[in-house]
Amino acid sequence: MKIEKLKKFPFHISHIAILLFMILIPMTLVLSYLNQEIFECVGIAALVCVATLLLSGILILRQIGNEKRSMEEKLRLWAKVFENSGEGILITAKDGTIEDVNAAFTEITVGKQPSILKSDRHDKDFYLNMWHSLFAEGQWRGEIWDRRKNGEVYPKWLSVAAVRDRENVITHFVGVFSDISSVKQSEARLEQLAHYDFLTGLPNRILFYERFTQAIREAEQRNVMAALLFADLDQFKLVNDSLGHRAGDQLLIQVAERLAACVSEEENRKNDTMKTASVSRLGGDEFTVVLTNVSDAARVARAAEKIVSLFQIPFVLEEGEVFISPSIGITLFPEDGREPELLIKNADTAMYHAKELGRNNYQFFSQKLYARASERLTMETKLRNALAENKLFLYYQPKVNLGTGKISGAEALIRWLDEDSRFISPDKFIPVAEETGLIFPLFDGVLEHIRQITPKVREALGRNTFRIAVNLSSRQFQDRNLIQKFGDLILNGIHAGSIETEITEGTVMRDPNESVNMLNALKDMGICSSIDDFGTGYSSLSYLKRFPIEALKIDRSFIKGIPVDTDDMIIVKSIIALGHSMDIRIVAEGAETKEQVDFLLNEDCDEIQGYYFYRPLPEAEFLSVLEKENV
């Protein structure tokens, strides 16, 4: 009970007693006067006064008793709170000696004898600041690491308040704390989810960017180089499509483990090349390695060679062994740029250059590559606009049957006129279309042109036995919707026998088993297929026998050497003989001279497609030629 309160209440009781005294004494005197007994009047007044004082005393003692019982009840309540609180509570003397603790304190610190054990995670200044705050402000609160009796270090949230006496002198400290280990674990989990890849455990794109930015700043301060190695797995999509995403995930995990182990091994050897390296996964099959403290580009090259060598050993998956290779682009700070965004872009450009050079290698960024990348970006933008504005169209180059001299078919060739009415070579925009995925809407446009011209061709020739061939790129051939697209074309009234597909040798050999399935699916629909640019790839005769194809197109590079290059002539003869032995039609592409045509005619080549007979023609001229053919 507060002393001020005890003093205050009797003061009000005395006021009541005086009030009663002032009322009762006059009343007594009046009554006594009326009875003319003054002595008795005084006696009565005295009795009334004594009675009033006794009553006041009784009321005061009763109030004191009530206050005492209330205080005792409060003390019992606070004692229960002290003992049953889920937070640890300790009371110390001014010098820090523990005077009392509650059960939660004992449970959290795992010790029967109360004591304070430092975690060694805070320096001397931390504790000096805490004590300064306690004596100056009377309180301190914050996160602090402590040690349990069993030696385990744990985090807690601590609030300490100073207790002062009447003279405002600190006598005790009361500390209340809670174990926040679970909170820290949740924070760590959120940190893991936000900054680390859930599949491989490597830093993700966000953390990579933070670390790369920091690496650049440190390199700048120390006047040294930093390097970024941007690695993309070659043909990873093929693993996903053929073996499934589970196998793809297993492969990514193993790649991450090899990269991390490579960096760790080099660090243990104290090799300056990878002494301060950091591996990240940006997403998909893209990985990065950041190297700091780089003295020269040769050391970065050795690091890249080390990474490439990691992939010479097969990856063992549940489905069996898999070989895969990386294409690595390298950019250097400050030589190739000073900002993270530019360096990442440059490394990506160099990586694509590595793919262009055959994959399974590394390439350093250069200004020449930058110019090519800028040109490619410009090409992509123009191509997107051209597709949106329907500025791409088809030319048709007839094929001539050498046996009859008649036009037997044609190849549809995509053409594009820029704003200056200049033709842009397909060799420039088709690779861009493949890389960006624009090849799919482009191909949809080709099929729409085929749908529109086929009835016109039938009308011009007066027959249905005329095929228009369309080229399928690697990405188109792997498109799961390809069969459906041809099916929709047939449902729109186009006869399946009017369509032919041409696939390069390299495309069908990329995954021979899947190619057989796709070619069979096309054949079942009534669409025949031919292998384009034959002789430039590495077709196995055993696979060639399995492919359900109707024609081989001899690559123009062999036709060009006729009749001068005897090697080319021997190759052409061999291909014609091979095709006929397998009952496959042979088409020679690129015949431009009479000598070439005569040679092919003598070797029983079935068809010729080349400038000697026809150049690629716009639709109107093509239909005109067909009408004359019919006449």
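Up top is the structure.
Below, the structure is looked at part by part. (Residues numbered from 1 in each chain as written. Predicted model: local features only at pLDDT ≥ 70, side-chain atom pairs only at ≥ 80, totals over all residues. Heavy atoms only, no water.)

**With respect to helix α6 (residues 205-222)**
- An ideal rise of 1.5 Å per residue puts 26 Å on 18 residues; α6 measures up with 25 Å between its terminal C-alpha atoms.
- For α6, every residue scored as buried is listed here: L207, F208, F212, T213, A215, I216 and A219.
- Check the buried side of α6 and you find it contacts α5 (181-195), β6 (225-233), β7 (277-283), β8 (286-294), β11 (326-333) and α10 (340-356).
- Looking at where α6 begins, the residue whose side-chain oxygen comes 3.2 Å from the main-chain nitrogen of I206 is N204.
- Two residues or fewer past α6, N223 is found with a positive phi of approximately 60 degrees. (Helix = DSSP H or I, 4+ residues; strand = E, 2+ residues; numbered from the N terminus. Expected span 1.5 Å × (residues − 1). Buried < 20%, exposed > 50% of the residue type's maximum accessible area, 1.4 Å probe, protein only. Contact = heavy atoms within 4.5 Å. Polar contact = N/O pair within 3.5 Å; in protein donor to acceptor, adjacent residues only side chain to side chain.)

**A few points about the sheet that holds β7**
- Within the open sheet, the five strands sit side by side as β7-β8-β6-β11-β12. Their pairing is mixed. Two strands close off the open sheet at either side, each with one partner strand: β7 and β12 (361-364). In this sheet, neighbouring strand axes are inclined to one another by 20 degrees on average, regardless of whether the strands run parallel or antiparallel.
- Two elements, β11 and β12, share four bridges in a ladder whose sense is parallel. If you follow S327 over to β12, its bridge partner there is N361.
- Where helix α9 (residues 297-310) meets the sheet, its contacts fall on β6, β8, β11 and β12, and the angle it forms with β11 comes to roughly 160 degrees. (Pairing = 2+ DSSP bridges. Axes fitted to C-alpha atoms, helices over the stretch in contact; angles between N-to-C directions.)

**Overview of the packing of aromatic side chains**
- As enumerated under the stated definition, the model contains 17 aromatic pairs in all.
- Each ring, one from F311 and one from F315, has its centre 5.7 Å from the other, and the planes form 55 degrees; the classification is tilted. F315 matches F311 in its accessibility class, with the two residues each being buried.
- For the ring pair W416 and F429, a centre distance of 5.4 Å and an interplane angle of 85 degrees mean the geometry is edge-to-face. Of this pair, W416 sits in strand β14 (residues 407-416) while F429 sits in helix α12 (residues 426-436); the two residues are 13 residues apart in sequence, bridging distant segments of the chain.
- With relative accessibility at 3%, the residue W416 sits in the buried group.
- Members of the aromatic cluster, joined through ring pairs, are F126, Y127 and W140.
- In this structure, K156 is placed above the aromatic ring of F177, and the distance from its NZ or CZ to the ring centre is 4.2 Å. (Phe/Tyr/Trp six-rings, centres within 6.5 Å; stacked < 30°, edge-to-face > 60°. Lys NZ or Arg CZ within 6 Å of the ring centre and 35° of its normal.)

**Structural notes on helix α21 (residues 594-602)**
- Residues of α21 that are buried include every one of Q596, V597, F599 and L600, and no others. On an axial view of α21, the arc spanned by its buried residues comes to 160 degrees, and they lie on one face.
- The inward-facing, buried residues of α21 abut α19 (556-560), α20 (566-581), β19 (585-589) and β20 (607-609).
- Following α21 by one or two positions, D604 has its phi on the positive side, about 65 degrees. (Arc of directions from axis to C-beta.)

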